[in-house]
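# Descriptive structure summary
For reference, the chains in residue letters:
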Amino acid sequence: MHHFMMFSLLVITGLQVSVESAGIRSERSIDRHYRSELTVPNGGSWGSWGHREMCPAGTYAAGFSLRVEDPVGPREDDTALNGIRLHCVYTPSLYHHYSSVQSDVGSWGRWTEIRWCPSGFLKAFQLRVEPSQGNDDDTAANNIMFRCSQGTLHGDGTNWGDWGTWSQTCEGKGICGLKTRIEVPQGRGDDTSLNDVIMYCCD
């Protein structure tokens, strides 16, 4: 009886996860046409690229949040930045109705609160990346900063590494999608999680 109840709970939990995942997927617009890609030269090289994820048609990213693992202490395996989520709206400053999109995400950390542009949409970005540490602990990407139509937003990431140069600025209306490069868990090896990101711009 106990095993049956546990099995039933797992089935129900699985159904809940499937429903929640389906809800997120229905907000995506995978085939949305984009005008240009934004990249930075200092992204990490570990891991593989996930799928491109786009804001729903007619919306653009005006805010973002991060999945960040806080520092875990000396001689432990830090991963720092694990995920980036874009929050998309039709009209800037009307933030109570928004859709959220994300590409691949790492396994560690917590999601930070949303940071919204003071005006307009996200237009360019900058990554803080720790270069390879040799035999020491690697973290790769640590934080991200966005330039809005007006103003700049600083992420709540960690502080290892250095800020690189800004990406190009969107020629279109604003950022409308992303694709992340994630290193999967390495078991007993050194984990870095999020290494790099590409942003997409739409008219």
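These remarks concern the structure in this document. The shown structure was predicted, so the numbers you read here are calculated from the model rather than taken from an experiment. (Residues numbered from 1 in each chain as written. Predicted model: local features only at pLDDT ≥ 70, side-chain atom pairs only at ≥ 80, totals over all residues. Heavy atoms only, no water.)

### Things to note about the overall build of the protein chain
Formally: Helical segments are the DSSP runs of H or I of at least four residues, strand segments are the runs of E of at least two, and each set is numbered from the N terminus. Residue exposure (1.4 Å probe, protein chains only): buried if accessible area is under 20% of the type maximum, exposed if over 50%, otherwise partly exposed. Two residues qualify as a contact provided that any one of their heavy atoms is within 4.5 Å of a heavy atom in the partner residue. Note that accessible areas follow from Shrake-Rupley with a 1.4 Å probe, and for residues the cover is restricted to the protein chains shown.
Along its length, the protein chain carries 1 helix and 14 strands. The proportion of buried residues among the 203 residues of the protein chain is 44%. Taking the contacts inside the protein chain whose residues are at least 6 apart along the sequence as the reference set, 72% of them involve residues at least 24 apart. As presented, the protein chain carries roughly 10600 Å² of accessible surface, and 52% of it is formed by carbon and sulfur atoms.

### Notes on the sheet that holds strand S12 (residues 162–163)
To be explicit about the condition: Pairing between two strands requires that DSSP report at least two bridges joining them.
Pairing within the open sheet is antiparallel, and its 4 strands lie in the order S11-S10-S9-S12. On the outer flanks of this sheet lie strand S11 (152–154) and S12, each paired with one strand and no other. Bridge analysis of strand S10 (residues 141–150) against S11 gives 3 bridges, and the strand direction is antiparallel. By the bridge assignment, Phe146 is partnered in S11 with Leu153.

### Quick word on the packing of aromatic side chains
Two descriptors summarise a pair of aromatic rings, namely the distance from one centre to the other and the angle between the planes of the rings. Condition: Pairing of aromatic rings covers Phe, Tyr and Trp, the last counted by its six-membered ring, and requires centre-to-centre distances within 6.5 Å; plane angles under 30 degrees mean stacked, over 60 mean edge-to-face, and any other angle means tilted.
This model, assessed by the stated rule, comprises 6 aromatic pairs. Consider the rings of Tyr60 and Phe121, whose centres lie 5.2 Å apart with planes at 50°: the pair is tilted. With Tyr60 in strand S4 (residues 60–68) and Phe121 in strand S9 (residues 119–129), this pair connects stretches of sequence that are 61 residues apart. Centroid distance Phe125 to Phe146: 6.5 Å. Interplanar angle 45°. Geometry classified as tilted. Taken together, the residues span a long stretch of sequence, with Phe125 in strand S9 and Phe146 in strand S10 at a distance of 21 residues.

### Considering the pairing of S4
Within a regular strand, the side chains alternate between the two sheet faces. Most of S4 is tucked away, with 9 of its 9 residues classed as buried. Where S4 lies against strand S8 (residues 115–116), 2 bridges are found, and the strand directions are antiparallel. Within S8, the residue paired with Gly63 across the bridge is Trp116. Examined bridge by bridge, S4 and strand S7 (residues 110–111) share 2 bridges and lie antiparallel to one another.

### Some thoughts on the side chain of Gln126
The following threshold applies: Under this definition, polar contacts are N or O atom pairs within 3.5 Å; protein pairs additionally need one hydrogen-donor-capable and one acceptor-capable atom, and for neighbouring residues in sequence, both atoms have to be side-chain atoms.
On the secondary structure map, Gln126 appears in strand S9. At a separation of 2.6 Å, a polar atom in the side chain of Gln126 contacts the main-chain carbonyl oxygen of Gly164.

### Things to note about the pairing of strand S13 (residues 174–182)
For S13, the buried fraction is high: 7 of the 9 residues fall into the buried class. Looking at chain direction, strand S2 (residues 48–49) and S13 are connected through 2 bridges and run antiparallel. From the neighbouring strand, Trp49 faces S13, where its bridge partner is Arg181. Pairing geometry for strand S3 (residues 53–54) and S13, over 2 bridges, is antiparallel. From the neighbouring strand, Glu53 faces S13, where its bridge partner is Leu178. Of the pairings in the sheet, the one linking S13 to strand S14 (residues 194–202) comprises 8 bridges and is antiparallel in character. Counted as the bridge partner of Thr180 is Val197 from S14.

### With respect to the nonpolar core
As a reminder, the rule being used: Residue types Ala, Val, Leu, Ile, Met, Phe, Trp, Tyr and Cys, when buried and joined through side-chain atoms within 4.5 Å, form a set referred to as a nonpolar core.
If you look at the biggest cluster of nonpolar residues, it comprises 40 residues, and the most contacted ones within it are Leu86, Ile144, Ile175 and Met199. Breaking this core down by element, the ones donating at least two residues are S4, strand S5 (81–89), S9, S10, S13 and S14. Here this core gets 7 residues from one element, more than from any other, and that element is S14. Those residues within four positions of Ile175 in sequence are excluded, and the remaining contacts are Leu38, Tyr60, Ala61, Leu86, Leu122, Lys123, Ala124, Phe146, Cys170, Met199, Tyr200 and Cys201.

### Quick look at the pattern of salt bridges
The condition that has to hold: When a carboxyl oxygen of Asp or Glu is within 4 Å of a side-chain nitrogen of Lys or Arg, the pair counts as a salt bridge.
Tallied over the entire structure, the rule returns 3 salt bridges. Of the charged contacts in the structure, one is a salt bridge between Arg35 and Glu171, with a shortest N-O distance of 3.7 Å. Here Arg35, found in the loop between helix H1 (2–25) and strand S1 (36–38), pairs with Glu171, found in the loop between S12 and S13; they are 136 residues apart in sequence, far enough to count as distant. Judged by relative accessible area, Arg35 falls into the partly exposed class, the value being 44%. Residue class for Glu171 comes out exposed when judged on its relative accessible area of 57%. A salt bridge links Asp156 to Arg115; the shortest N-O distance between them is 2.7 Å.

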